[in-house]
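Fold and contact review
Now for the letters of each chain:
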Amino acid sequence: MIAYWIRLAEDGRRQELNWIEKKKTYGFTIKPDQSVKGYRMTLVAAPEREISVNKDKDAVRAEAVIAGRPAVLEKMYINASDGLTGPKVHYIEVYGKDLQTGEKCREKMVPK
């Protein structure tokens, strides 16, 4: 997993996150986890919500609980603004597909 900016307003180039962005807002940890035969990922912005990352046939996918249901995580948006001590997260939106029904699901989370 790699987190980075895509500078669309400039020339579309890729830019690495800086230290403050990694530690305060957009960073994550990822560790091997035999119980899911893959990895457990924890976001800095929402450490209470784990994401499991594992291989399903020829694809790697992320799974998380979205709106109280197990789901395949498809995308995530972190709304943040610059503050005096670094970025401040206002909310996180996660989007996915319910593992049982296949229906699209969405949840907006506000960090504590």
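Residues numbered from 1 in each chain as written. Predicted model: local features only at pLDDT ≥ 70, side-chain atom pairs only at ≥ 80, totals over all residues. Heavy atoms only, no water.

Focus: the pairing of strand β2 (residues 13-16)
- Inspection of the sheet shows strand β1 (residues 4-7) paired to β2 by 4 bridges, in the antiparallel sense. Bridging from a neighbouring strand, I6 pairs with R14 of β2. (Pairing = 2+ DSSP bridges. Helix = DSSP H or I, 4+ residues; strand = E, 2+ residues; numbered from the N terminus.)

Structural notes on the confidence of the model for the protein chain
- For the protein chain, mean pLDDT is 90; residues scoring 70 or higher make up 100% of the total.
- Of all helices and strands in the protein chain, the one with the weakest mean pLDDT is β1 (83), whereas strand β9 (residues 104-109) scores best (97). (pLDDT = per-residue confidence, 0-100.)

Digging into the sheet that holds strand β5 (residues 50-56)
- Across the sheet, 7 strands lie side by side as β3-β4-β5-β6-β7-β8-β9; this open sheet has antiparallel pairing. In this open sheet, the two strands that pair with only one neighbour each are β3 (28-33) and β9. If you compare each strand with its neighbour and ignore which way they point, the axes differ by 35° on average.
- Pairing analysis gives 5 bridges linking β5 to strand β6 (residues 59-66), with the strands arranged antiparallel. (Axes fitted to C-alpha atoms, helices over the stretch in contact; angles between N-to-C directions.)

Concerning the nonpolar core
- Core analysis: the biggest nonpolar cluster contains 19 residues, and I51, I66, L73, I78, I92 and V94 have the highest contact counts within it.
- Elements supplying a minimum of two residues to this core: β4 (38-43), β5, β6, β7 (69-83), β8 (86-98) and β9.
- In this structure, I51 is in contact with Y39, R40, M41, L43, A62, E63, A64, L73 and M76, ignoring residues within four places of it in sequence. (Core = buried A, V, L, I, M, F, W, Y, C linked by side-chain atoms within 4.5 Å. Buried < 20%, exposed > 50% of the residue type's maximum accessible area, 1.4 Å probe, protein only. Contact = heavy atoms within 4.5 Å.)

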